[in-house]
Amino acid sequence: MSTLVQPILLSDSEIEQLKKEVGRDTLMGKAIAKSIKDVEAFMKLPLEVPGHGEAGGYEHNRHKQNYTYMNLAGRMFLITGDDRYAKFVRDLLAMYADLYLTFDFHVQKNTNPTGRLFHQILNEHVWLMFTSLAYSCVAATMSEEERQNVVDRLFNPMLDMFTVKYGHDFDRIHNHGVWAVAAVGICGLAVNRREFLEKSVFGLENNGTGGFLAQITQLFAPSGYYIEGPYYHRYAIRPLCVFAEVLHRHMPELDIFNYKDGVIGNTVEAMLATAYPNGQFPALNDASRTMSINDAGVQVAVSQYAKHYGINDNLLGMAKIQDSVWVHGCGLELSQAFEKATDVGLPFWPSVELNEGPNGDRGAQGFMRVQDKNKDVFQLVMNYGQHGMGHGNFDTLGISYFNRGKEVLREYGFGRWVNVEPKFGGRYLDENKTYARQTIAHNAVTVDETCQNYFDVERADSVHGLPHFFAADNEQIVGMSAFANEHYDGVQQQRSVFMFKHDDLEAPLLIDLFRLTGEGEHQYDYSHQFDGQVIRTNFEYQAHKELNVLSEELGYRHLWNVAQGEANETALVSWLQEDSYYTWLGTSSNDNGEVIFTRTGANDPSFNLRSEQSFILRSKGEDTLFASVLETHGYFNEEFEQSVSARGSVKNIQVVGHNAQASVVEIETETSRFTLMVSNDPQVTKDTTNNAEIAGKNYSWVGCFAIEQETL
């Protein structure tokens, strides 16, 4: 047998350059030092290859640690020349080779096929990719007999299992599929079975329906946006980038970094452009609220982008947040650029609308950013794209809002405690379906206490949002708007959101118009998820001494009705979150408003849900326009007992009227009245001349929207 006995991902010249970084106070020097520290700590433990265990349990995590540290140790051997690292990999590989075929397929069944090491085959794909890379780093130090043993009793059985036993799942267009093709392709190259590299690139049938090229063609929109959202994007990006680097070196004829108009670069840039200013990713679809660009896969992506697509200030800003790089030639290039740069600031990605679907025609995700006088970034995110496959949430037209270093209108994220084995093995909990994915759990409007698309995934996958306008080039006001007309039977939805800057205001003002038109009377629940201490309201409410469930409908059954009160005119809710005050004023075009304060935790006997707050403005009617503003203001410091500007500048918002042509609202501060006019015409453009008669008055403007000021 002949195997490839050279590293798959590092050339001799790259290894020599990386050796020079050992001990240096550069991003690469720090990354190498951390890798050595981590590997040394793990190598002090006895070698162990455990059997089966529950998802997220000790055995699961030990297999994960084994592949992680084999991968690191292989590279540290190449960089330092210390054979202890190679011996660690060789010995652990030998143990796996001796034991792998003695393990039956995992006893713990899941929705995904089981492996011999893990409860789902996805984890085995991950194990194989990292372990194959480690093997390629140390294969030259092994005897032919040692290599033969590992290949025959470990790698070849895995290759056959993934492409024969589970061949039906190998070409699945999904983040699982990206890991599958990367693992099999890299392993095939490592053991000199190039036919597996070909299968991984072109699919098992070699007809374009599967394989890596099909994955990167179908998973990403022309904008680069990944259908399942940023959380799963950062998970899929690591095998995608690693395998792309392998193909760049071993199948250069593919010209992989220019394939499909540079889809790999586009998708990396799109992923980074979704992040909040602090580097965390918005929790779109099933997602952790804590995932950020510090993820190891994102570090790989940032370093690779720097090498193959160029370096700019935002990329350097990302590297500053990460304070590390991929230990690779790509990472070295970014590290050297960072070392030469002076006064690197945090990234400020421009506002961007990322279209969805393979052809870019299935809605979009909107990311709007403005800066205040202090250069703090205010970011507004709105979902008006497609469902997101099995991980999609039912929240089209939902928004989240970030400023002053924190998420203000919040996303709950997934119902899951990752790797906490007593919590269903760290897998998705039932409450992910019964609460976290329900429309009421998001900053959106729920109609008649039912979830969008009635929680029918097949139905949800068949529809998508409709972009209306996206206008981000005005210094004073930016805005985006979209429709969701097929998500409830007989109800059409339109949401238009803006960030408005003015001298009357301390910070940019969030303006939100949510319009619904229905057949017959409906109950509309306009929900806001927030975190903090309620400071004041302008309406009387009844705080309930005994808590009752808000309703028995899905989503609602997990909400305690904490307090409620009538709000027939403009309602005000103000709260303190950390060191900032936030004041929300909202109203509807109907005169039957009610505000309900809620908290999660009802019907949750296992305490699976986090305790989160929201308030709901409820209105009943056939057609409704909700109009609200959210003002950021003031400062609070408990340590120094300081409180400044605890009351905001905005005094009122009212709906003048709305119809098929336009919506008009008025916003008042102490000194000014602002009239916002928004076109409701789906065909409107920036050059359209609008004329609309609202409440007996004619309003005229050019463009998708306009705002006028009147001094009081």
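What counts and what doesn't
- Residues numbered from 1 in each chain as written.
- Predicted model: local features only at pLDDT ≥ 70, side-chain atom pairs only at ≥ 80, totals over all residues.
- Heavy atoms only, no water.
- Bend = angle between axes of the 7 residues up to and from the residue.
- Helix = DSSP H or I, 4+ residues; strand = E, 2+ residues; numbered from the N terminus.
- Contact = heavy atoms within 4.5 Å.
- Pairing = 2+ DSSP bridges.
- Core = buried A, V, L, I, M, F, W, Y, C linked by side-chain atoms within 4.5 Å.
- Buried < 20%, exposed > 50% of the residue type's maximum accessible area, 1.4 Å probe, protein only.
- Domains from an automatic or database assignment.
- Phe/Tyr/Trp six-rings, centres within 6.5 Å; stacked < 30°, edge-to-face > 60°.
- Axes fitted to C-alpha atoms, helices over the stretch in contact; angles between N-to-C directions.
- Salt bridge = Lys/Arg side-chain N within 4 Å of Asp/Glu carboxyl O.
- Polar contact = N/O pair within 3.5 Å; in protein donor to acceptor, adjacent residues only side chain to side chain.
- Buried area = accessible area lost by both parts, 1.4 Å probe.

### With respect to helix α6 (residues 144-165)
Part 1 of the argument: Approximately 40 degrees is the largest bend angle found in α6, and it occurs at Val151.
Part 2 of the argument: Looking at the buried positions of α6, the neighbouring elements they touch are α4 (83-99), α5 (121-138), α7 (167-170), α8 (175-190) and α9 (194-202).

### What to know about the pairing of strand β24 (residues 697-702)
Part 1 of the argument: Sheet topology note: the strand β23 (residues 689-694)/β24 ladder contains six bridges and is antiparallel. Bridging across to β24, Ala692 finds its partner in Tyr699.
Part 2 of the argument: The hairpin formed by β23 and β24 contains two residues between the paired strands, and Ala695 there has a positive phi angle of roughly 55 degrees.

### Quick notes on the nonpolar core
Part 1 of the argument: In terms of nonpolar packing, the biggest core is built from 127 residues, with Trp127, Phe155 and Leu272 touching the most fellow members.
Part 2 of the argument: With 12 residues, the top contributor of residues to this core is α5.
Part 3 of the argument: The residue makeup of this core includes at least three contributed by each of domain 1 (27-218) and domain 2 (225-349).
Part 4 of the argument: Once residues lying within four places of it in the same chain are set aside, the contact partners of Trp127 are His63, Tyr67, Met70, Tyr96, Leu117, Phe118, Leu154 and Met158.
Part 5 of the argument: With 43 residues, the next largest nonpolar core counts Val408, Tyr526, Tyr582 and Phe626 among its residues.

### Thoughts on the packing of aromatic side chains
Part 1 of the argument: Going through the model one piece at a time under the given rule, you end up with 36 aromatic pairs.
Part 2 of the argument: Here Trp575 and Tyr582 contribute two aromatic rings whose centre-to-centre distance is 6.1 Å and whose plane-to-plane angle is 25 degrees, an arrangement assigned as stacked. The two residues Trp575 and Tyr582 agree in class, both being buried.
Part 3 of the argument: Through successive ring pairs, a cluster of aromatic residues spans Phe514, Tyr526, Phe530, Phe539, Tyr541, Trp575, Tyr582, Trp584, Phe597, Phe615 and Phe626.

### Quick look at the sheet that holds strand β5 (residues 406-409)
Part 1 of the argument: Across the sheet, which stays open at both edges, the five strands sit in the order β1-β2-β3-β4-β5 with antiparallel pairing between neighbours. Of all the strands in the sheet, the pair left with one neighbour each is β1 (352-355) and β5. Within this sheet the neighbouring strands show an average axis-to-axis angle of 20 degrees, counted without direction.
Part 2 of the argument: Where strand β4 (residues 399-403) lies against β5, three bridges are found, and the strand directions are antiparallel. Paired with Tyr401 across the strands is Leu409, a residue of β5.

### Describing the pattern of salt bridges
Part 1 of the argument: Counted according to the given criterion, the structure contains 32 salt bridges.
Part 2 of the argument: One salt bridge connects Arg404 with Glu506, and the closest N-O pair in it is separated by 2.9 Å. Of this pair, Arg404 sits in the loop between β4 and β5 while Glu506 sits in the loop between β9 (491-500) and β10 (509-530); the two residues are 102 residues apart in sequence, bridging distant segments of the chain.
Part 3 of the argument: You can call Glu506 partly exposed: its relative accessible area is 35%.
Part 4 of the argument: A salt bridge links Glu612 to Arg410; the nearest nitrogen and oxygen atoms lie 3.7 Å apart.

### Examining the environment of Asn474
Part 1 of the argument: When you line up the elements, Asn474 lands in the loop between β7 (466-471) and β8 (477-488).
Part 2 of the argument: Linking Asn474 and Phe500, residues 26 residues apart in sequence, is a C-alpha distance of 9.7 Å.
Part 3 of the argument: Within polar-contact distance, the side chain of Asn474 engages the backbone nitrogen of Gln476 at 2.7 Å.
Part 4 of the argument: A polar atom in the side chain of Asn474 sits 3.2 Å from the backbone nitrogen of Ile477.

### Considering the domain arrangement of the protein chain
Part 1 of the argument: For the protein chain, the assigned domains read domain 1 (27-218), domain 2 (225-349) and domain 3 (352-711).
Part 2 of the argument: Here the C-alpha centre of domain 2 lies 23 Å away from the C-alpha centre of domain 1.
Part 3 of the argument: Domain 1 puts 34 residues into the contact, and the matching count from domain 2 is 31 residues.
Part 4 of the argument: With both sides pooled, the region where domain 1 packs onto domain 2 buries about 2,700 Å², and carbon together with sulfur makes up 74% of that total.
Part 5 of the argument: In terms of surface lost to domain 2, no three residues of domain 1 exceed Leu27, Met28 and Ile216, which account for 25% of the buried area on that side.
Part 6 of the argument: Joining domain 1 to domain 2, the criterion identifies one salt bridge.
Part 7 of the argument: Between Asp323 and Lys30 there is a salt bridge whose closest N-O contact spans 2.8 Å.
Part 8 of the argument: At the boundary of domain 1 with domain 2, the tally comes to nine residue pairs in polar contact (both at pLDDT 80 or more).

### Overview of the side chain of Thr26
Part 1 of the argument: Topologically, Thr26 is positioned in the loop between α1 (12-19) and α2 (27-43).
Part 2 of the argument: There is a polar contact of 2.9 Å between the side chain of Thr26 and the backbone nitrogen of Gly29.
Part 3 of the argument: Setting aside residues no more than four positions away along its own chain, Thr26 makes contact with Glu21, Ser335 and Glu339.

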